[in-house]
Amino acid sequence: MTSDRKKSRRKLVGHTLERARDAAEKASSTARDVVFVASDTAREVAGLASETAREVAEIASETARSALQMASEGAQVVAQLAEDGAKVAAQIAGETAKAAGQMAREVALQMAQAYLRKSTLTLIMPESQLNKSLRSHLKNDPRIDHITVTCGDDRLNIAIDGHHNRLIYTVDLDFDVLECRISRDEQYLRVRQVGEDLDAQFRQTNLIANWATRHLGRGLFYVANRLPTRSPVSQLLESTPGVRREGPRLWRVDLRRTALVDFLNNRSWMVDKLTGLSDLSVLPGLTTLRDSQDLLLQLVNQFEIRDLRVRPGRLEVLVGINPG
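Residues numbered from 1 in each chain as written. Predicted model: local features only at pLDDT ≥ 70, side-chain atom pairs only at ≥ 80, totals over all residues. Heavy atoms only, no water.

Participant: I would appreciate a short explanation of the packing of helix α6 (residues 267-276) against helix α8 (residues 293-300) in the present structure.
Facilitator: To describe two helices that pack against each other, one gives the angle between their axes and the distance between the axes. The geometry of α6 relative to α8 is characterised by a closest axis approach of 10 Å and an angle of 120° between their N-to-C directions. By the angle between their directions, the pair α6 and α8 is classed as oblique. Here the hand of the crossing between α6 and α8 comes out right-handed. Listed contacts from α8 to Arg267, Met270, Val271, Leu274 and Thr275 of α6 are Gln293, Leu296, Leu297 and Val300. Partitioned by chemical class, the residues of the contact of α6 with α8 number 6 nonpolar, 2 polar and 1 charged. (Axes fitted to C-alpha atoms, helices over the stretch in contact; angles between N-to-C directions. Helix = DSSP H or I, 4+ residues; strand = E, 2+ residues; numbered from the N terminus. Parallel < 35°, antiparallel > 145°, perpendicular 65-115°, else oblique. Left-handed = near helix turned anticlockwise from the far one by under 90°. Contact = heavy atoms within 4.5 Å. Nonpolar A, V, L, I, M, F, W, Y, C, P; charged D, E, K, R; others polar.)

In structure tokens form, the structure reads like this:
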């Protein structure tokens with residue numbers, strides 16, 4: 001290759017290199033500008049991202065607080081609704097149970113009434129209760145200081161304590177119960193006098209005088225009661241309201257006039273007897289009824305005495321309900 005051509009080539013190469021350097025410098029400057037712009041853009045983006053993140057975080061936090069508050073309020077509302085619902089349910093259940101209980105008691109009352117219209121129930125009056133009632137009734141009778149009735153098997157013993165001036169005495173009378181009739185028209189006992197005894201003594205006197213008085217009095221009393229004239233026992237019984245002589249040693253006792261029916265018809269002791277029965281199967285529905293005094297009294301107020309029996313230590317009162 002000639003020298004001119006070499007020079008021309010070197011010049012072309014140098015010129016090309018110069019243009020390459022200028023292009024490189026421009027590219028470098030452009031790259032720096034791009035980097036600077038990218039850096040600023042990145043910083044702005046980062047700032048925006050950070051600000052956005054803070055705003056998002058604040059929004060999320062506020063949203064979370066609102067959500068928690070709403071959830072809490074919602075839970076309180078749900079809890080209150082549940083509590084109110086439970087109260088309403090309990091009230092409804094209580095009213096339902098109350099209505100069911102009232103219905104059961106009414107059914108039990110109807111069962112007891114139906115049974116007593118066709119059958120009878122036996123109530124026991126102990127002689128202690130009978131004596132208490134009699135003493136209360138006779139407490140203002142001047143002839144009687146004390147009275148005691150003892151019940152046997154269709155047998156009554158009546159001991160009457162009295163006094164006359166300084167003389168104090170006890171008259172013992174024994175009766176066999178022959179008949180008891182209790183209906184709307186008649187309520188009486190027919191009895192036969194089977195024994196009598198007198199024990200008498202004076203107050204504030206010596207033993208010998210009292211011994212003589214007691215033995216002499218018993219003898220005279222025995223004889224006097226067997227004479228055809230009015231005996232001391234006859235005079236005593238005939239002076240008692242409701243007691244009438246039907247024949248020798250035979251007596252009819254009007255239960256209404258002697259107030260015995262009033263004692264037997266006392267509703268309070270009947271309710272007590274029903275409540276205290278150990279065998280509740282004797283009357284249908286009694287298991288339920290005895291928990292209600294009002295219903296028991298409603299039942300007892302319908303009782304009618306159908307019969308009366310004298311048994312050792314007690315009176316047996318048979319009661320029922322009028323079927324009409």
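Participant: Which parts of the structure should I look at to understand the side chain of threonine 258?
Facilitator: Relative to the helices and strands, threonine 258 is located in the loop between β7 (250-254) and α5 (260-264). Of the residues examined, threonine 258 reaches a relative accessible area of 17% and is grouped as buried. A polar side-chain atom of threonine 258 sits 3.3 Å from the main-chain carbonyl oxygen of leucine 255. (Buried < 20%, exposed > 50% of the residue type's maximum accessible area, 1.4 Å probe, protein only. Polar contact = N/O pair within 3.5 Å; in protein donor to acceptor, adjacent residues only side chain to side chain.)

Participant: I keep staring at the pattern of salt bridges and nothing clicks. Help me out?
Facilitator: Side chains carrying opposite charge are able to pair once their charged atoms draw close together. Applying the stated criterion across every chain yields a total of 14 salt bridges. A salt bridge links glutamate 316 to arginine 314, with the shortest nitrogen-to-oxygen separation between them at 2.8 Å. Three or more residues are tied together by salt bridges with common partners; here these are Glu179, Arg181, Glu186, Arg190, Arg244, Glu246 and Arg252. (Salt bridge = Lys/Arg side-chain N within 4 Å of Asp/Glu carboxyl O.)

Participant: Looking at this structure, how should I read α6?
Facilitator: Those residues of α6 lying buried are Trp269, Met270, Val271 and Leu274. Capping of α6 at its N-terminal end is provided by asparagine 266; its side-chain oxygen lies 2.9 Å from the backbone amide nitrogen of serine 268.

Participant: Is there a simple way to explain the nonpolar core in this structure?
Facilitator: General note: in soluble globular proteins, nonpolar side chains tend to be found buried as a group. By size, the foremost hydrophobic cluster in this structure holds 55 residues, and its most contacted members are Leu274, Leu299 and Phe303. Among the elements that line this core, the one with the most residues is strand β4 (residues 167-182), at 5 residues. Filtering out sequence-adjacent residues up to four positions away, phenylalanine 303 remains in contact with Leu116, Leu123, Arg267, Met270, Leu274, Val319, Gly320 and Ile321. (Core = buried A, V, L, I, M, F, W, Y, C linked by side-chain atoms within 4.5 Å.)

Participant: Which parts of the structure should I look at to understand the packing of aromatic side chains?
Facilitator: Remark: the centre distance and the inter-plane angle together describe each pair of aromatic rings, the angle taken between the planes. The full count for this structure, using the stated rule, is 0 aromatic pairs. Its end group placed over the ring of tyrosine 188, arginine 252 keeps NZ or CZ at 3.7 Å from the ring centre. (Phe/Tyr/Trp six-rings, centres within 6.5 Å; stacked < 30°, edge-to-face > 60°. Lys NZ or Arg CZ within 6 Å of the ring centre and 35° of its normal.)

Participant: Which parts of the structure should I look at to understand the pairing of strand β1 (residues 121-126)?
Facilitator: For a regular strand, side chains alternate in direction, first toward one face of the sheet and then toward the other. Residues Leu121, Leu123 and Met125 of β1 are buried on one face, while the alternating residues Thr122, Ile124 and Pro126, pointing to the opposite face, are not. Across 6 bridges, the pairing between β1 and strand β9 (residues 314-321) is antiparallel. If you follow proline 126 over to β9, its bridge partner there is arginine 314. (Pairing = 2+ DSSP bridges.)

Participant: Help me understand unusual backbone geometry, please; the structure alone is not making it clear to me.
Facilitator: Generally, phi is negative for residues other than glycine and the peptide bonds are trans, each holding for most cases. In the Ramachandran plot, arginine 249 falls in the positive-phi region, its phi being about 65° despite a non-glycine side chain. Within the fold, arginine 249 resides in the loop between β6 (243-247) and β7. The backbone phi angle of alanine 259 is positive, close to 70°, even though this residue is not glycine. Relative to the elements of secondary structure, alanine 259 occurs in the loop between β7 and α5.

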